[in-house]
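Per-entry structural report
Okay, here's what each chain looks like letter by letter:
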Amino acid sequence: MNIRDFITKEITYEEAIELTKVNGSKMMELFTVANEIREKYCGNKIHTCTISNAKSGRCEEDCKFCAQSAHYNTNITSYELKDKETLLDEYNRAEKLGSSKFGVVTSGRSINKGTSEYSNITEFLKIAKASDNDVELCCSIGLLSKEELTELKEAGITRFHSNLQTSIKSYNKIVATTHGIENRLKTIKAAKEIGLAVCSGGIIGMGESWEDRIDMAYTLKELGVDGIPINILNPIPGTPHGDREHLAMDEILKTIAIYRIIFKDKVIKIGAGREGILKDFMGMAFMSGANGMLVGGYLTVRGRSTKEDFTFIENVKKMWK
């Protein structure tokens, strides 16, 4: 297999599986090709997103990786939905930080039409849309209908986020009882049908196989998603994955590189786990195909300071040149 062929050639599922077996000196070739593909199809821009943990904890779902599930004792801070004034302050802060996107993220299965929470979010979106702030608005508020997504679009969002987390066949290993992956697929398809951009990716390091990672990638490709967040499991004490060992650095970078070869012109965003697990090698993620990142922290885990993040971004751009 000539890895360089994939700079212009579309990769098949079988070829992607073969790339997972690459090791030794071929690894650096894989990373180099992924970086060339990123430059050829995406240019040298790093896409940034700031999220608001707008409603925290007490989630009824039993996702085995999640600190916010009410099924586990993780000692996180829980609170109800933030008011629209607080969300607006955070939205304006995202602009000052230099973020290109701002996402409202809530715990729980969904925030549905007819509730005060849904009304508060749509009111915030309308105010934000009418303001001078041009940071793109996004929501990640659970499993929604086409009607609800249409209302959010009319209120101001251009993008919806809903992670698959893993492959279809392995989904019930991480969400045992409370909902199936069909609910997520239905929401993503509805969002695409009404013209919203969609971010959807997953978490690596939960014990999944390489086949699971490639299966998830091709499901996302079939769905036509626009951005792919790759999160690295940061084991949270109290969850079923709390004692799991961190994924090896080379496996993380290989995953990013293969995803870039599969998703030539999409945003591949590195999310949770990048600081604590990649550490001094974090820059390698952006030399292996990544071109997006969260700035300003995560949901229940504090990230680096925004000053450090934007200094890092400038350093990556210098490496790309």
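Basis of the calculations
Position labels on residues start from 1 in each chain and follow its written sequence. Owing to the predicted nature of the model, reporting of local features is limited to residues with pLDDT of at least 70; listing and counting of side-chain atom pairs is limited to 80 or more, with chain, interface and lining totals taken over all residues. For side-chain calculations, the full set of non-hydrogen atoms in the structure is used, while hydrogens and water are omitted. For our purposes a nonpolar core is just a set of buried Ala, Val, Leu, Ile, Met, Phe, Trp, Tyr and Cys residues, chained together by side-chain atoms within 4.5 Å. Under the scheme applied here, a residue whose accessible area is under 20% of the maximum for its type counts as buried, over 50% as exposed, and between as partly exposed, the area being computed with a 1.4 Å probe on protein chains only. In DSSP terms, a helix is any run of H or I states spanning at least four residues, a strand is any run of E spanning at least two, and both are numbered starting from the N terminus. Between two residues, a contact is recorded if the distance between any of their heavy atoms is within 4.5 Å. We call Phe, Tyr and Trp rings a pair once their centres come within 6.5 Å, taking the six-membered ring for Trp, and we label the pair stacked below 30 degrees between planes, edge-to-face above 60, and tilted otherwise. Consider the ring centre and the ring normal. A charge sits over the ring if Lys NZ or Arg CZ is within 6 Å of that centre and within 35 degrees of that normal. In short, DSSP must find at least two bridges between two strands for them to pair.

**Side note on the nonpolar core**
Membership of the largest hydrophobic core comes to 90 residues, with the highest contact counts inside it found for L19, I121, F124, L125, L152, F160 and F286. Sorting elements by how many residues they give to this core places helix 8 (residues 249-262) first, with eight residues. Not counting residues within four places of it along the chain, the set of residues in contact with L152 comprises Y118, I121, T122, L125, I141, L144, I157 and F160.

**Thoughts on the side chain of S167**
Within the secondary structure layout, S167 lies in the loop between strand 4 (159-161) and helix 6 (181-193). A relative accessible area of 0% places S167 in the buried class. Beyond its immediate sequence surroundings of up to four residues, S167 is in contact with I181, D212, D215 and M216.

**Regarding the packing of aromatic side chains**
Here the distance between the centres and the angle between the planes together describe a pair of aromatic rings. By the definition in use, this model includes six aromatic pairs. With centroids separated by 6.1 Å and ring planes inclined at 85°, the aromatic side chains of Y91 and F124 adopt a geometry described as edge-to-face. Highlighted residues: Y91 in helix 3 (residues 84-97) and F124 in helix 4 (residues 116-130), separated in sequence by 33 residues. By relative accessible area, F124 is classed as buried at 0%. One Lys or Arg, R38, reaches over the ring of W320 and ends 3.6 Å from the middle of that ring. The ring of Y41 is capped by K40, whose NZ or CZ atom sits 5.6 Å from the centre of that ring.

**Re the pairing of strand 7 (residues 227-232)**
A large share of strand 7 lies buried, amounting to six of its six residues. In strand 7, alternate side chains face the same way, and those of G227, P229 and N231 on one face and I228, I230 and I232 on the other are all buried. Note that strand 6 (residues 202-204) and strand 7 share three bridges and pair parallel. Across the sheet, residue I204 finds its bridge partner in strand 7, namely I232. With four bridges connecting them, strand 7 and strand 8 (residues 267-270) associate as parallel partners. Within strand 8, the residue paired with I228 across the bridge is I268.

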